[in-house]
Amino acid sequence: MIANACAARLSRTIRRGSMKSRRTIACAILLLVLGSARAVLAHPAPFSYLDLRLAPSGLAGTVVLHDFDVAHELSIATPDSLMDPAILARHAAAIEALVTARFVLTADGRDLAWVVTDLRPLADRSAIQLSWRAAQPIVPGKLELRAALFPYDPNHQTFVNFYEGDALTRQEILDVRRPEVVFYTGTRQGAVAVFTSFTASGIRHIAIGPDHILFIVGLLLLGGSVPRLLGIVSAFTVGHSITLSLAALGIVTPPARIIEPAIALSIVYVGADNLLSGAGARDVRAWIALFFGLVHGFGFASVLRETGLPPRALGISLFSFNLGVEIGQAVIVVIVASALGIIRARHPGVARRIVPVGSAVVIAAGVYWFIQRV
């Protein structure tokens, strides 16, 4: 009624061509505020709720959706009509198809089919609850969930609760920027899945990280005996293991804008040290590997945090990721050291040029990355 009165006053004032009255201006402002508020209230809070329950009999759960969102997706003019069980039943197949396409489960690397067991209105919440269960009675170790339920609304969020038995073990919020999440169950299968997944992640990170690879190659250019090379690699392992653990656990978390350029500078330094060592300087590669390993460990940790540490398996995930990094690193060491050894044995002339040319390439790449990252 207030909004209507203000609208009438504003209309009369506009027809008279006068806007001098403070009362009229106040009514105009109030009209805009009330109109905006009514528009906001027309759309409920943009949330959905997804529960997953893991029991010995298998996986099941519920999905709760606002009637407004469902009506929008199905082009239903009156969202409130879905609170009528009879009308809801007529749209059941369409709702089921909608949610099935946008709520995707993968168990231990395989797509997991699920079926709807119940669909009912929640009139007190202006919402619809869909109950579901996995088509197969499976207890997975690793469960991947994708839930982009209503992409038409960029503000929409899905609150996810994961239960094992009656215990709530994980909560997440998904949206258009982060529509996926990975769960590791608290079972023996879950521990195995954590170990294999994070070991593979560590290997993959070394394999796709040219800066880490080039740093290791730079350390190996001067060659040396097997014990010396093992000492250099072990020093690098000790360094990055310390900071990887500290950063992954949130104890020390320096920003990436500092760490990434520092990693590039470590590459420049190791190339320059190779040239100095070639001129007769003392070989301090083990100390270089230890010191800059601390820096590289923070870089590894940023990837590990993006992967997502399972709260109940921090020890396993840290150990297995580090193990993966070491496996990838060991492969690089074996390949590079073997290739350099063969070249030195068969082509001494070429071998003499490897250190200066290779070190120049290492320095150039490090300078390029430093400039790019700064």
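Before reading further, recall that the structure is shown in the block above.
Residues numbered from 1 in each chain as written. Predicted model: local features only at pLDDT ≥ 70, side-chain atom pairs only at ≥ 80, totals over all residues. Heavy atoms only, no water.

## A word on the sheet that holds strand S5 (residues 114-122)
Now for step 1: Strand order in the open sheet formed by 6 strands is S5-S6-S2-S1-S8-S9, and the pairing between neighbours is mixed. A single partner strand is all that each edge strand has here, and the edge strands are S5 and strand S9 (167-174). Geometrically, the sheet is characterised by an average inter-axis angle of 15° between neighbouring strands, direction not taken into account.
Now for step 2: The pairing of strand S2 (residues 58-66) with strand S6 (residues 127-134) spans 7 bridges and is antiparallel. For alanine 60, the partnering residue across the bridge sits in S6 and is arginine 133.
Now for step 3: Across the sheet, helix H3 (residues 67-74) touches S2 and S6, and the angle it forms with S2 is around 85°. (Pairing = 2+ DSSP bridges. Helix = DSSP H or I, 4+ residues; strand = E, 2+ residues; numbered from the N terminus. Axes fitted to C-alpha atoms, helices over the stretch in contact; angles between N-to-C directions. Contact = heavy atoms within 4.5 Å.)

## Thoughts on the sheet that holds strand S7 (residues 142-147)
Now for step 1: One open sheet holds the 4 strands; their spatial order is S4-S3-S7-S10, and the pairing between them is antiparallel. Looking at strand neighbours, the two that pair on one side only are strand S4 (110-112) and strand S10 (180-184), the edges of this open sheet. Neighbouring strand axes in the sheet, compared pairwise and without regard to direction, differ in orientation by 30° on average.
Now for step 2: Pairing analysis gives 5 bridges linking strand S3 (residues 103-107) to S7, with the strands arranged antiparallel. Counted as the bridge partner of valine 104 is arginine 146 from S7.
Now for step 3: Each of S3 and S7 touches helix H5 (residues 92-102); the most contacted strand, S3, lies at about 45° to it.
Now for step 4: Helix-sheet contacts for helix H6 (residues 188-207) involve S7 and S10, and the interaxial angle to S10 is about 125°.

## Thoughts on helix H8 (residues 226-248)
Now for step 1: In a regular helix each residue adds 1.5 Å, so 23 residues correspond to 33 Å; H8 covers 32 Å between its end C-alpha atoms and thus fits that length.
Now for step 2: A positive backbone phi angle near 80° is found at glycine 250, which sits one or two residues after H8. (Expected span 1.5 Å × (residues − 1).)

## Comments concerning helix H7 (residues 210-220)
Now for step 1: Burial of H7 is extensive: 9 of the 11 residues sit out of reach of the surface.
Now for step 2: Among the residues making up H7, those that are buried are Asp211, His212, Leu214, Phe215, Ile216, Val217, Gly218, Leu219 and Leu220. (Buried < 20%, exposed > 50% of the residue type's maximum accessible area, 1.4 Å probe, protein only.)

## Things to note about the environment of serine 245
Now for step 1: Here serine 245 shows up in helix H8.
Now for step 2: Residue classification places serine 245 among the partly exposed residues on the basis of a relative accessible area of 29%.
Now for step 3: Residues serine 245 and alanine 301, spaced 56 residues apart in sequence, show a C-alpha to C-alpha distance of 7.5 Å.
Now for step 4: At 3.0 Å, the side chain of serine 245 and the backbone oxygen of serine 241 are in polar contact. (Polar contact = N/O pair within 3.5 Å; in protein donor to acceptor, adjacent residues only side chain to side chain.)

## Let's talk about the environment of serine 81
Now for step 1: Turning to its location among the elements, serine 81 is positioned in the loop between H3 and helix H4 (85-90).
Now for step 2: Overall, the relative accessible area of 17% leaves serine 81 in the buried class.
Now for step 3: Distance from serine 81 to alanine 71, taken between C-alpha atoms, is 9.2 Å for residues 10 residues apart in sequence.

## Observations regarding the pattern of salt bridges
Now for step 1: One pass over the full model with this rule turns up 8 salt bridges.
Now for step 2: Here arginine 120 and aspartate 118 are joined by a salt bridge, their closest N and O atoms 2.7 Å apart.
Now for step 3: Accessibility expressed as a relative area gives 25% for aspartate 118, which makes it partly exposed.
Now for step 4: Residue glutamate 172 is joined to arginine 170 by a salt bridge in which the shortest nitrogen-to-oxygen separation is 2.8 Å. Here glutamate 172 matches arginine 170 in class, with each residue buried.
Now for step 5: Here the salt bridges share partners, and the residues they tie into one network are Arg170, Glu172 and Arg178. (Salt bridge = Lys/Arg side-chain N within 4 Å of Asp/Glu carboxyl O.)

## Describing the nonpolar core
Most often, soluble globular proteins have nonpolar side chains that are buried together.
Now for step 1: Ranked by size, the top nonpolar core spans 45 residues in total, and within it Phe215, Leu219, Leu304 and Phe321 carry the most contacts.
Now for step 2: Every element with two or more residues in this core is listed here: H6, H7, H8, helix H9 (256-278), helix H10 (285-307), helix H11 (314-346) and helix H12 (348-373).
Now for step 3: Counting residues in hydrophobic clusters, the runner-up holds 34 residues, among them Ala71, Ala107, Ile128 and Leu149. (Core = buried A, V, L, I, M, F, W, Y, C linked by side-chain atoms within 4.5 Å.)

## Remarks on the packing of aromatic side chains
Now for step 1: Inspection of the entire model under this criterion finds 11 aromatic pairs.
Now for step 2: With centroids separated by 5.9 Å and ring planes inclined at 45°, the aromatic side chains of tyrosine 184 and phenylalanine 198 adopt a geometry described as tilted. Of the two residues, tyrosine 184 sits in strand S10 while phenylalanine 198 sits in helix H6, which places them 14 residues apart along the sequence.
Now for step 3: In this structure tyrosine 184 comes out as buried when scored by relative accessible area, which is 13%.
Now for step 4: Ring centres of phenylalanine 215 and phenylalanine 292 lie 6.3 Å apart, and the angle between their planes is 70°; on these two criteria the pair is classed as edge-to-face. Separated by 77 residues along the polypeptide, phenylalanine 215 in helix H7 and phenylalanine 292 in helix H10 bring together distant segments of the chain. Side by side, phenylalanine 215 and phenylalanine 292 carry an identical accessibility label, which is buried.
Now for step 5: Its guanidinium or amino end placed over the ring of tyrosine 163, arginine 53 lies 3.9 Å from that ring's centre, counting from NZ or CZ.
Now for step 6: In this arrangement the basic side chain of arginine 125 is found over the ring face of tyrosine 49, its NZ or CZ atom lying 5.5 Å from the centre. (Phe/Tyr/Trp six-rings, centres within 6.5 Å; stacked < 30°, edge-to-face > 60°. Lys NZ or Arg CZ within 6 Å of the ring centre and 35° of its normal.)

These figures capture arrangement, not role.
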